[in-house]
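Commentary on secondary and tertiary structure
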Amino acid sequence: MSRRLAMSRRLALAACLALIVPAFAAEPLAPPGAPASAFPRPDRPVAEIIAPLWASESQRDRVDEVGQVARLMRIAPGETVADIGAGSGYYTVRLAERVGPQGRILAEDVTPRYLADLTARIAQAKLGNVTVVRGEPHDPRLPSGSLDAAVLVHMYHEISQPYGLLHNLAAAMKPGGRVGIVDADAIPSRHGTPPALLRCELAAAGYRETGFSVLEGGVGYLAIFEAPTADARPAPSSIIPCKDGATRSDRR
């Protein structure tokens, strides 16, 4: 092969890649909210993000995990729902079916590899009501007043700045918007959040608990909260971090 032909083929390949890559480059949907530096650090360990999926999809389907959560949160056709920390898209694809063509799912994550894989999955499934969104650890970067509901599934313990994320998420919720958090009843270093600690942190950010259920099938608990309106959110400087007594007790 001549050097000129080889160079021509490399240039053609580069041009094709230039067209392909932007399709997988998820972007934020809103301007930045309050910065992470405005909030106190949580008084607890922050678990490392280690995988996009905490258990196999078949295991979770056998106990109808998404169905349980969707029913308890009253997620209905036509609603706009955010999957915060969407990971592999397990909840995203199932909630997309539940909200239907008139609804919308905003699948948000912060890990580039997860976002690329999720975008490919959505494209392959031809889900026209899903938008993949790149957020920040303290800010989901979602449009103001756009969400009927949001779910945070087995990832709350991985949020490095929970007060900032909750503060900025509240601005994206419609009045009365529901936020559902699914997690294990374990200390954060073991990839869970004790319910008492969760309640304290959500209350510190201005959220009101409206429901709590232990999910069937050993997949954790679901805590449901009503988000505060943007005007009713506590000032970042007024937030007092909750004490993680469960971790301290576990170390004794």
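Residues numbered from 1 in each chain as written. Predicted model: local features only at pLDDT ≥ 70, side-chain atom pairs only at ≥ 80, totals over all residues. Heavy atoms only, no water.

Each strand in a sheet pairs with its neighbour through backbone hydrogen bonds, running either in the same direction (parallel) or in the opposite one (antiparallel). The sheet built from 7 strands is open, its strands ordered 3-2-1-4-5-7-6 with mixed pairing. Two strands bound the open sheet, and with one partner strand each, they are strand 3 (130-134) and strand 6 (208-214). Averaged over all pairs of adjacent strands, the angle between strand axes in this sheet comes to 20 degrees, irrespective of strand direction. Of the strand pairs in this sheet, strand 2 (residues 104-109) and strand 3 are connected by 5 bridges, and their pairing is parallel. Paired with Leu106 across the two strands is Thr131, which belongs to strand 3. (Pairing = 2+ DSSP bridges. Helix = DSSP H or I, 4+ residues; strand = E, 2+ residues; numbered from the N terminus. Axes fitted to C-alpha atoms, helices over the stretch in contact; angles between N-to-C directions.)

Once that is clear, we can look at the state of the cysteines. In total, this model carries 1 disulfide according to the counting rule given. One disulfide in the model links Cys200 with Cys242; its S-S distance is 2.1 Å. As the torsion about the S-S bond is roughly -90 degrees, the Cys200-Cys242 disulfide counts as left-handed. With Cys200 in helix 7 (residues 195-204) and Cys242 in the loop between strand 7 (221-226) and helix 8 (245-250), the pair connects residues that are 42 residues apart, well separated along the chain. You can call Cys242 buried: its relative accessible area is 3%. (Disulfide = S-S within 2.5 Å. Buried < 20%, exposed > 50% of the residue type's maximum accessible area, 1.4 Å probe, protein only.)

What follows is about helix 4 (residues 90-99). By the criterion of burial, helix 4 is predominantly enclosed, with 7 of the 10 residues buried. Restricting attention to buried positions, one finds in helix 4 the residues Tyr90, Tyr91, Thr92, Val93, Leu95, Ala96 and Val99. Once helix 4 finishes, Gly100 follows within two positions and takes phi at roughly 75 degrees, a positive value.

Turning to unusual backbone geometry, a few remarks are in order. Most peptide bonds take the trans form, and the phi angle of most residues other than glycine is negative. You will see that Arg141, though not glycine, has its phi angle at about 55 degrees, which is positive. With respect to the helices, strands and loops of the structure, Arg141 is situated in the loop between strand 3 and strand 4 (147-153). Relative accessible area serves as the criterion here: at 13%, Arg141 is assigned to the buried category.

A word on the packing of helix 6 (residues 162-172) against helix 7. It is at 9 Å that the axes of helix 6 and helix 7 come closest, and there the two elements cross at 55 degrees. Relative to helix 7, the element helix 6 is oriented oblique. With respect to the hand of their crossing, helix 6 and helix 7 are arranged in right-handed fashion. On the side of helix 6, the interface is formed by Pro162, Tyr163 and Leu166, while helix 7 contributes Glu201, Leu202 and Ala204. Within the contact of helix 6 with helix 7, the residues separate by chemical class into 5 nonpolar, no polar and 1 charged. (Parallel < 35°, antiparallel > 145°, perpendicular 65-115°, else oblique. Left-handed = near helix turned anticlockwise from the far one by under 90°. Contact = heavy atoms within 4.5 Å. Nonpolar A, V, L, I, M, F, W, Y, C, P; charged D, E, K, R; others polar.)

With respect to the helices and strands, the residue Ser146 is situated in the loop between strand 3 and strand 4. Taking the C-alpha atoms as reference points, Ser146 and Ala171, separated by 25 residues in sequence, lie 8.8 Å from one another. Filtering out sequence-adjacent residues up to four positions away, Ser146 remains in contact with Thr80, Leu106, Ala172 and Lys174. A polar side-chain atom of Ser146 sits 2.8 Å from the main-chain carbonyl oxygen of Pro143. (Polar contact = N/O pair within 3.5 Å; in protein donor to acceptor, adjacent residues only side chain to side chain.)

Spatial relationships are all this shows, so hold off on functional conclusions.
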